[in-house]
Amino acid sequence: MEAADYELLSVREQLFHEKVRECIISTLLFATLYILCHIALTRFKKPAEFTTADDEDATVNKIALELCTFTLAVALGAVLLLPFSIISNEVLLSLSRNYYIQWLNGSLIHGLWNLVFLFSNLSLIFLMPFAYFFTESEGFAGSRKGVLARVYETVVMLMFLTLLVLGMVWVASAIVDNSKASMESLYDFWEYYLPYLYSCISFLGVLLLLVCTPLGLARMFSVTGKLLVKPRLLEDLEEQLHCSAFEEAALTRRICSETQLFPVGMVSVAWAGPVQDSGTAPSSLPSDPTSCWLPLDMELLHRQVLALQTQRVLLEKRRKASAWQRNLGYPLAMLCLLVLTGLSVLTVAIHILELLIDEAAMPRGMQGASLGQVSFSKLGSFGAVVQVVLIFYLMVSSVMGFYSSPLFWGLRPRWHDTAMTQIIGNCVCLLVLSSALPVFSRTLGLTRLDLLGDFGRFNWLGNFYIVFLYNAAFAGLTTLCLVKTFTAAVRAELIRAFGLDRLPLPVSGFPRASRKTQHQ
């Protein structure tokens, strides 16, 4: 063999080893995310659904749970995609000649972006609809019962759903671009149809982030105030403890009195006899209690007592907090939140000005991962760290705003009490939010890292008016939510300072709600 053939073989062998190394690293990263997501989902699932007497239902729920774990791992990978790329670029700039960093290269980063894009499409279009239909299926009428019959029904339903979505995408493509080339491009299922469908889903996710993130940024301050111990000037724990103890004692007396008067758990709600004094019980009980006596919801009263006891224990712990936690922890946490929120709004405002001046500020895709050549921040490594912190902060805020909105309030997972269909809905929503995070961050100018792979092929990213209006809407909504939150807090403190919260108010059916509003 000639020297050129030996050189060609060595190059091919080196490329082969690089691909194998990238596959091993990607597999290890995804396995780690999968294990973490599986541990998280097992903490929220309802154990009764996996230990039922019917083995078929338990098997179906286990399969659906594994599909949800895969989807949640993909969502977590999408969240870590942009920060990992930014940090890798700074590491390659600082340690470009280090032997132990040779595995970290642009090819690996580009491959991770493509894998996340592929698995996101797979989860949103196939796996999650399959998991939902699989849990709801019972098999066709007349067929033998079993897991296989459910699989057949699920596959048929998934085929009908695919046809429906395909038709909707064709209609949307005809509305946006009615040219013949645009319609024929959808015949290429892999190169055009899936990216176009994912572009529509990503656009919906970006719009959802636009609504949820400002709500979450405002909600972060109130949640932090509840978790941390405030200084004594801002809250009176002794008063809250006394109020909680009095309400608990009142509910306990009510439960005892009702139990003594009506051992069968009955309370009068409609008495057809003569009118008596409201403070006395009726002289005689009717012969048929079911005609004019309704059962008292004792379980609700017991739950209220347990909630008050739990709240009293938490208040006791807050009262025993040290002076450092009380006087230093709360101000520092609020200051950090204020600085991060201010930096986010300032970054978006600067990006709006850049959009008006420089065309290079528009988000665009990059097919080749040219990492390790220039920093993505003007402040170097420090600016890159700030970018990563802002991306994580906005993602946490968007999730908090998503679950705080009235539309998705019922989707919130509960500890060991979340149904399988609810877990599927949470995984789908989290995947939509997280897969739109790279596009969201680049559109707002939080980083200058161009979108890699198919993430940069979205058609609407090149529209100046959409990008500009999106930035302006985010800055305006965030400022409006923060101003409303702070003015409401100042108004509540002024009412409390003047003692107006102690004025006698009409008592509703649930007196606890009025006390909660006083102490928020």
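Because the structure is predicted, anything quoted here is derived from the model rather than measured.

Visitor: Would you mind going over the pattern of salt bridges in detail, with residue names and values included?
Guide: Following the criterion strictly, the structure yields three salt bridges and no others. Of the charged contacts, one joins Arg-414 and Asp-417 as a salt bridge, the two residues approaching to 3.5 Å between their closest N and O atoms. The partly exposed category is assigned to Arg-414, whose relative accessible area is 39%. When salt bridges with common partners are traced through the structure, they connect Lys-46, Arg-414 and Asp-417 into a single cluster.

Visitor: An account of the packing of helix 2 (residues 55–94) against helix 11 (residues 381–404) is needed here, citing residue identities and associated values.
Guide: The contact between helix 2 and helix 11 brings their axes to 10 Å, and the two run at 175°. Here helix 2 lies roughly antiparallel to helix 11, going by the angle between them. Along its contact with helix 2, which presents Val-79, Leu-80, Leu-82, Pro-83, Ile-86, Ile-87 and Glu-90, the element helix 11 presents Ser-381, Ala-384, Gln-387, Val-388, Ile-391, Phe-392 and Met-395. Across the contact of helix 2 with helix 11, the residue classes break down as 11 nonpolar, two polar and one charged.

Visitor: Tell me about the confidence of the model for the chain, and name the residues and values.
Guide: Taken over all residues, the pLDDT of the chain has a mean of 75, while the share at 70 or more is 69%. Here residues 264–296 scores under 50 on pLDDT; set against residues more than four positions off or in separate chains, the count is 31 contacts. Here residues 505–520 is a poorly scored stretch, pLDDT under 50, and it has 14 contacts once near neighbours within four places are set aside; other chains count.

Visitor: Can you break down a nonpolar patch on the surface residue by residue, with the values?
Guide: On the surface, Phe-140, Leu-148, Tyr-152, Val-156, Met-157, Phe-160 and Leu-163 cluster together into a nonpolar patch covering about 700 Å² of accessible area. Mapping Leu-148 onto the fold places it in helix 4 (residues 147–176). We classify Leu-148 as exposed; its relative accessible area is 52%.

Visitor: Hey, could you go over the nonpolar core for me, with residue numbers and the actual values?
Guide: A general feature of soluble globular proteins is that nonpolar side chains tend to end up buried together. Ranked by internal contacts, the top residues of the largest apolar core, which has 85 residues, are Cys-68, Trp-113, Met-420, Phe-440 and Phe-455. Ranked by residue count, the leading element in this core is helix 2, at 16 residues. For Cys-68, the contacting residues outside a window of four places in its chain are Leu-41, Met-128, Met-420, Ile-423, Ile-424 and Cys-427.

Visitor: Tell me about the side chain of Ser-441, and please be specific about residues and values.
Guide: Along the polypeptide, Ser-441 turns up in helix 13 (residues 437–443). Judged by its relative accessible area of 1%, Ser-441 falls in the buried class. In this view, Ser-441 contacts Leu-82, Ile-391, Leu-446 and Thr-447; residues no more than four positions away in its chain are not counted.

Visitor: So, the state of the cysteines: which residues are in play, and what are the values?
Guide: As enumerated under the stated definition, the model contains zero disulfides in all. In this model Cys-37 remains outside any disulfide bridge; the closest cysteine sulfur is found in Cys-427, 8.3 Å from its own. No disulfide involves Cys-68; its nearest neighbouring cysteine sulfur is the one of Cys-427, lying 4.3 Å away. According to the relative accessible area criterion, Cys-68 is buried, its value standing at 0%.

Visitor: Provide a residue-level description of the environment of Trp-415, including the pertinent values.
Guide: Tracing the backbone shows Trp-415 in the loop between helix 11 and helix 12 (420–435). Judged by its relative accessible area of 57%, Trp-415 falls in the exposed class. As a C-alpha pair, Trp-415 and Leu-41 span 374 residues in sequence and 9.7 Å in three-dimensional space. Not counting residues within four places of it along the chain, the set of residues in contact with Trp-415 comprises Arg-43 and Phe-44. A polar atom in the side chain of Trp-415 sits 3.4 Å from the side chain of His-416.

Visitor: Quick rundown of the packing of helix 2 against helix 12? Include the residues and the values.
Guide: Axis separation between helix 2 and helix 12 bottoms out at 8 Å; the angle between their running directions is 20°. Comparing the axis directions of helix 2 and helix 12 gives the class roughly parallel. Helix 12 is crossed by helix 2, and the crossing has left-handed handedness. Where helix 2 approaches helix 12, its residues Asn-61, Ala-64, Leu-65, Cys-68, Thr-71, Leu-72, Val-74, Ala-75, Ala-78 and Val-79 are matched on the opposing element by Met-420, Ile-423, Ile-424, Cys-427, Leu-430, Leu-431, Ser-434 and Ser-435. Considering only residue class, the contact of helix 2 with helix 12 consists of 14 nonpolar, four polar and no charged.

Thresholds applied
- Residues numbered from 1 in each chain as written.
- Predicted model: local features only at pLDDT ≥ 70, side-chain atom pairs only at ≥ 80, totals over all residues.
- Heavy atoms only, no water.
- Salt bridge = Lys/Arg side-chain N within 4 Å of Asp/Glu carboxyl O.
- Buried < 20%, exposed > 50% of the residue type's maximum accessible area, 1.4 Å probe, protein only.
- Axes fitted to C-alpha atoms, helices over the stretch in contact; angles between N-to-C directions.
- Helix = DSSP H or I, 4+ residues; strand = E, 2+ residues; numbered from the N terminus.
- Parallel < 35°, antiparallel > 145°, perpendicular 65-115°, else oblique.
- Contact = heavy atoms within 4.5 Å.
- Nonpolar A, V, L, I, M, F, W, Y, C, P; charged D, E, K, R; others polar.
- pLDDT = per-residue confidence, 0-100.
- Patch = residues over 30% accessible without salt bridge, like charges linked within 9 Å, V, L, I, M, F, W, Y side chains within 5 Å.
- Areas by Shrake-Rupley, 256 points an atom, 1.4 Å probe, with all protein chains shown as cover.
- Core = buried A, V, L, I, M, F, W, Y, C linked by side-chain atoms within 4.5 Å.
- Disulfide = S-S within 2.5 Å.
- Polar contact = N/O pair within 3.5 Å; in protein donor to acceptor, adjacent residues only side chain to side chain.
- Left-handed = near helix turned anticlockwise from the far one by under 90°.

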